[in-house]
Amino acid sequence: MSNKPVNHAKAAEHFLEDAPHLQFHDERLWDMRQKRDAQMHILPEWQELREEASRIKEHTLSRLPEYLEQFEENAKKNGIHVHWARDGAEHNRIVGEILKAHNARNLIKSKSMVTEECDMRPYLAKQGVTVTETDLGERIQQLDDQLPSHIVVPAVHKLTSDVAKIFAKDYHTDPNIRDPHLLAEAQRQAARPVILHADAGMTGGNFVVAETGTFVVCTNEGNADLSATVPNLHIATIGIERLVPRMADLGVFIRLLSRSALGSPITQYTTHFRGPQKGGEMHVVLVDNGRSARLGMEDFWTSLKCIRCGACMNTCPVYRRSGGLSYGAVYSGPIGAIIDPTFNERKYSTLPYASTLNGSCTNVCPVKINIHEQLYKWRRVLVQHHEMPFVKREIMHMAGKLMGQPKLYRAAIKATEVSLSTMPRFVLYNWLNPWGKHRENPHPVKQTFNDWYRKNREKAEPAAAPETKK
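Small disclaimer: the values here were computed from a predicted structure and weren't measured.

Caption draft 1: Layout of the pattern of salt bridges. Across all of its chains, the model carries 28 salt bridges by this definition. Here Asp 31 ties to Arg 28 by a salt bridge, and the two come within 3.9 Å at their closest N and O atoms. Taken together, the positions of Asp 31 and Arg 28, both in helix H2 (residues 19–42) and three residues apart, correspond to about one turn of that helix. Classification of Arg 28 by relative accessible area gives partly exposed; the value is 30%. For Asp 144, the salt bridge goes to Lys 158, with nearest N and O atoms at 3.1 Å.

Spelled out as structure tokens, the structure:
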């Protein structure tokens, strides 16, 4: 895979050119943000829940090895086979070996960001295993050969007409369907035979409980329950950070998850898996894939608190107007911009700059991750590691020199104001001015703040009293 830095700005430019998709994407996500806010106001204890969730996660991460071992011990008592994967390659090998041992050629799976992270489907395809996504959004993205563009709603950037064309190509339905219910029914009819004849099923896991050796999967379509229970073989792929110590802790996160993600009080299905069904077999693959290394990063370890609700994406003005695919990674939006560089610092070096640092992402995070502060810290790290593009580095260097000399800075401001007032448009709007690509330059002002201050305040301020000797 290419190690070339993702050109987020270029990809976002293409998304901005498509007005219907842009408007739908922006409005749909903002609607979820508003519904989240409505749920927040219903619960007087909302901020207490966030504080408690953050505390539980930080406590768990500070004792992660201990709780992982506790989960393994209790899960084995429940009849679950527990596997440990250091990285994506080891995860894929483990899953492939389990399927091979059962002569499984057809795997149905529900949503799992970790399997996307590990690039599992292409690996299994080479092993002769057909993988079918059962989540509606994930299936749409799979058929269109795209990454999920959102953690919770993978195909949120697509219009009904887009889905109709995809289904017409693969399911031979009418390409002119505009009724979402009919399209959902088409997916249901196509998926059910595959589910009924599958050799194995796979799920992720939203939460893992160390105390009981169990895990919980939250969905709204019921597809995870089908994937886990119709075949006799159930494989669950789970990141090692998804732990909570006790069953009593779980309620805090269940109350926050769906409210933060979709603005609904709870998910339709909150399923607890304790062990294999009668005559069946259950495997849990605990995946590290860089998480241990991130846990050792002083400024970035708290990103492991993330419960994958997507609230930060729904509120982010940059994500809403650039689309998830523009990030070129499994995880997009604000949370992706602080997670992705831990996987590949060079490739995702542009993503921490895809933010206004307005702090809205931090304000809505149910586990109180300081996302905007980490975005800023990543920028510092990337500069120190020489991962900033040459042009941007030189511009910042010149800006630093300019702002470090007050007289020169004020002269430049005055010159800019004159230029905005007098120069022809073609001189101001060209490739040298990225700001003017998608927006108008600011209007020139008649008076700068410095001029106003000198006129109205500087002379009016009383002189400081002379110091007296003690």
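Caption draft 2: Structural view of the domain arrangement of the protein. Under the domain assignment, the protein is made up of domain 1 (1–42 + 299–388), domain 2 (43–289) and domain 3 (391–465). Measuring from the centre of the C-alpha atoms in domain 1 to the corresponding centre in domain 3 gives 29 Å. Contacts between domain 1 and domain 3 engage four residues on the former and five residues on the latter. Summing both sides of the interface, domain 1 and domain 3 together bury roughly 470 Å²; the carbon and sulfur share of this comes to 64%. Here domain 1 and domain 3 share zero salt bridges between them. In this structure, the connection of domain 1 to domain 3 is made through zero residue pairs in polar contact (both at pLDDT 80 or more).

Caption draft 3: Looking closely at unusual backbone geometry. One non-glycine residue, Asp 119, lies in the positive phi region at around 55°. Within the secondary structure layout, Asp 119 lies in the loop between helix H6 (113–117) and helix H7 (120–126).

Caption draft 4: Structural detail: the sheet that holds strand E7 (residues 233–239). Strands sit in the order E1-E10-E7-E4-E2-E3 across an open sheet of six strands; the sheet is parallel. At either margin of the open sheet sits one strand with a lone partner, and together these are strand E1 (81–85) and strand E3 (130–133). Put simply, the sheet's adjacent strands are angled 25° from each other on average, direction ignored. When E7 meets strand E10 (residues 281–287), the two strands line up parallel, connected through seven bridges. Across the sheet, the residue bridging to Ile 235 is His 283, located in E10.

Rules behind the numbers
- Residues numbered from 1 in each chain as written.
- Predicted model: local features only at pLDDT ≥ 70, side-chain atom pairs only at ≥ 80, totals over all residues.
- Heavy atoms only, no water.
- Salt bridge = Lys/Arg side-chain N within 4 Å of Asp/Glu carboxyl O.
- Helix = DSSP H or I, 4+ residues; strand = E, 2+ residues; numbered from the N terminus.
- Buried < 20%, exposed > 50% of the residue type's maximum accessible area, 1.4 Å probe, protein only.
- Domains from an automatic or database assignment.
- Contact = heavy atoms within 4.5 Å.
- Buried area = accessible area lost by both parts, 1.4 Å probe.
- Polar contact = N/O pair within 3.5 Å; in protein donor to acceptor, adjacent residues only side chain to side chain.
- Pairing = 2+ DSSP bridges.
- Axes fitted to C-alpha atoms, helices over the stretch in contact; angles between N-to-C directions.

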